[in-house]
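# A structural walkthrough
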Amino acid sequence: MAEATALASPAPVRRRRSWWLPAGAAVLVVAVLIGLMIGPAGPAWWRVPLELLDRLPLISIDSGVTDAEWNIVWQIRAPRVMLGVIVGAMLAVAGASYQGVFRNPLVDPYLLGAAAGAGLGATLVFTVLRESTRTWPVDPAPVVAFGCAVVTVFLTYVVGAAFGGHGTGVRLVLAGVAVTAFVTAVQTFLLQRNVDVVQEVYSWILGRLSTATWSDVLMVLPYVAISCTVLLVHRRHLDLFRVGEDEAATLGAPVARVRLVVVIAATLGTAAVVAVSGLIGFVGIVVPHVVRLLAGASYRRLMPLSLLLGGAFLVLADIPGRVLTDPAETPIGVVTALLGAPFFIIVLRARSAQK
């Protein structure tokens, strides 16, 4: 009887676990709907769902939303919400991937210098190149920030590999700390020599979704789609990393190749979203921890759930910033820090209580 019970027990567990992905998708859909409904201008919040239903085939509802009000929803709120979904999903998946490949639950997507590189790129545009690029039809800041972020992480990997970082993640992390410190020092030097643009630079560094357009969404979507696909494909290898690098190699996992591919994919996606949104902290740490508490530590569930809940988290975190200080806005990086820091402390306390 005991053996029969033991054999029968995994089926209900699997059924319970199968509900996590639909539940995560439902949370994301609700967050997107709330993000479309709330704003300092536009139609009343309860009219937006009616208008969305009215625009579906074979459904006709008088929502009372005018064309001007719908333009506010579609041209201002919608790209902001979609960019929030993309940025939050990418940061959460990248954070989970870094935590898996480095076997450290405290690392985030900016570990190897992506944030510092992007910040330096934006600072270069605002200080050195602003006068010459002011009349350009396209803002060069996202492009330069993306390029500098990629170059910074590449430099980190070269420095780490030169001292054996290809065989262990510890030296790679230390290389990231050193390169980040150097890049930050260069950025500080530029700001000290150009104090007139400090406010502009820091408004970018603190994170922003308020300037989102559909062109921003289309610009980062291919990078994020490719990065997330690669990371999700490698989630089984990240499960092997949980038992240790030597053990993973014994089980047949190509440790060095997996680390390189995961770092490149996570960095590419992180650099792309940071280039258009600025530096938004805590998403890559808090969301994977919450998923681990809810659905377990297996990366087969952790990765897709982090993607869904990361997007939902950032969309919901963006709402206070756009309505609390109307007509001004609170940078979303400030909001995520205010929400994420105490929540992260609670998560750490809960994890320590479980041990």
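The structure we're discussing is the one just above.
Residues numbered from 1 in each chain as written. Predicted model: local features only at pLDDT ≥ 70, side-chain atom pairs only at ≥ 80, totals over all residues. Heavy atoms only, no water.

This part covers empty space enclosed by the protein. Applying the stated criterion across every chain, the model contains one cavity of 30 Å³ or more. Around the largest cavity sit Leu 91, Asp 108, Pro 109, Tyr 110, Ile 280, Gly 281, Phe 282, Val 283, Gly 284 and Ile 285, which together line it. Top contributing element to the lining of the largest cavity by residue count: helix α14 (residues 283–295), with three residues. Residues belonging to the lining of the largest cavity are distributed by class as follows: seven nonpolar, two polar and one charged. (1 Å grid on protein atoms, 1.4 Å probe; cavity = no way out; pocket = protein on both sides within 12 Å on 5 of 7 lines; lining within 4 Å. Points joined across faces, edges and corners; volume = space filled by probe spheres on them. Helix = DSSP H or I, 4+ residues; strand = E, 2+ residues; numbered from the N terminus. Nonpolar A, V, L, I, M, F, W, Y, C, P; charged D, E, K, R; others polar.)

Before going further, it helps to examine the nonpolar core. It is characteristic of soluble globular proteins that their nonpolar side chains tend to be buried jointly. In this structure, Leu 83, Phe 102, Leu 112, Trp 204, Leu 231, Val 273 and Ile 280 are the most contacted members of the largest nonpolar core, which totals 68 residues. Tallying contributions element by element places helix α13 (residues 255–277) first for this core, with twelve residues. What Leu 112 contacts, discounting residues up to four positions off in sequence, is Tyr 98, Phe 102, Thr 152, Val 153, Thr 156, Leu 172, Gly 176, Thr 180 and Val 263. By size, the runner-up hydrophobic cluster in this structure holds 15 residues, among which are Leu 28, Val 65, Ala 78 and Leu 308. (Core = buried A, V, L, I, M, F, W, Y, C linked by side-chain atoms within 4.5 Å. Buried < 20%, exposed > 50% of the residue type's maximum accessible area, 1.4 Å probe, protein only. Contact = heavy atoms within 4.5 Å.)

Take α14 next. Taking 1.5 Å of rise per residue, the 13 residues of α14 would be expected to cover 18 Å, and the 18 Å separating its terminal C-alpha atoms lies within 8% of that figure. Along α14, eleven of the 13 residues are buried, which leaves the element largely enclosed by surrounding structure. For α14, the full list of buried residues reads Val 283, Gly 284, Ile 285, Val 286, Val 287, Pro 288, His 289, Val 290, Val 291, Arg 292 and Ala 295. Positive phi shows up at Gly 296, right after α14, with a value of about 95°. (Expected span 1.5 Å × (residues − 1).)

On to the environment of Pro 288, then. When you line up the elements, Pro 288 lands in helix α14. When the C-alpha positions of Pro 288 and Met 303 are compared, they lie 8.1 Å apart, and in sequence the two are 15 residues distant. In this structure, Pro 288 is in contact with Ala 92, Gly 95, Ala 96, Gln 99, Val 283, Leu 302 and Ser 306, ignoring residues within four places of it in sequence.

Further remarks concern the side chain of Ser 306. By secondary structure assignment, the location of Ser 306 is in helix α15 (residues 299–323). Only 2.7 Å separates the side chain of Ser 306 from the backbone oxygen of Leu 302, close enough to count as a polar contact. Excluding residues that lie within four positions of it along the chain, Ser 306 makes contacts with Ala 92, Val 93, Ala 96, Val 287, Pro 288 and Val 291. (Polar contact = N/O pair within 3.5 Å; in protein donor to acceptor, adjacent residues only side chain to side chain.)

Phi is positive for Arg 103, close to 55°, though the residue is something other than glycine. Among the secondary structure elements, Arg 103 is positioned in the loop between α5 (67–101) and α6 (114–133). The exposure class assigned to Arg 103 is partly exposed, which follows from its relative accessible area of 47%. Its identity as a non-glycine residue notwithstanding, Phe 282 has a phi of 75°, on the positive side. The topology assignment puts Phe 282 in the loop between α13 and α14.

One pass over the structure, following the stated rule, counts five salt bridges. Between Arg 80 and Asp 318 there is a salt bridge, with its nearest N and O atoms 2.7 Å apart. Residue Arg 80 is located in helix α5, and its partner Asp 318 is located in helix α15; the two are separated by 238 residues in the primary sequence. What makes Arg 80 buried here is its relative accessible area of 8%. Overall, the relative accessible area of 4% leaves Asp 318 in the buried class. A salt bridge links Asp 318 to Arg 322; the nearest nitrogen and oxygen atoms lie 3.4 Å apart. With Asp 318 and Arg 322 both in helix α15, this residue pair falls four residues apart, about one helical turn. Here the two residues Asp 318 and Arg 322 agree in accessibility, since each one is buried. Connected through shared salt-bridge partners, Arg 80, Asp 318 and Arg 322 make up one network. (Salt bridge = Lys/Arg side-chain N within 4 Å of Asp/Glu carboxyl O.)

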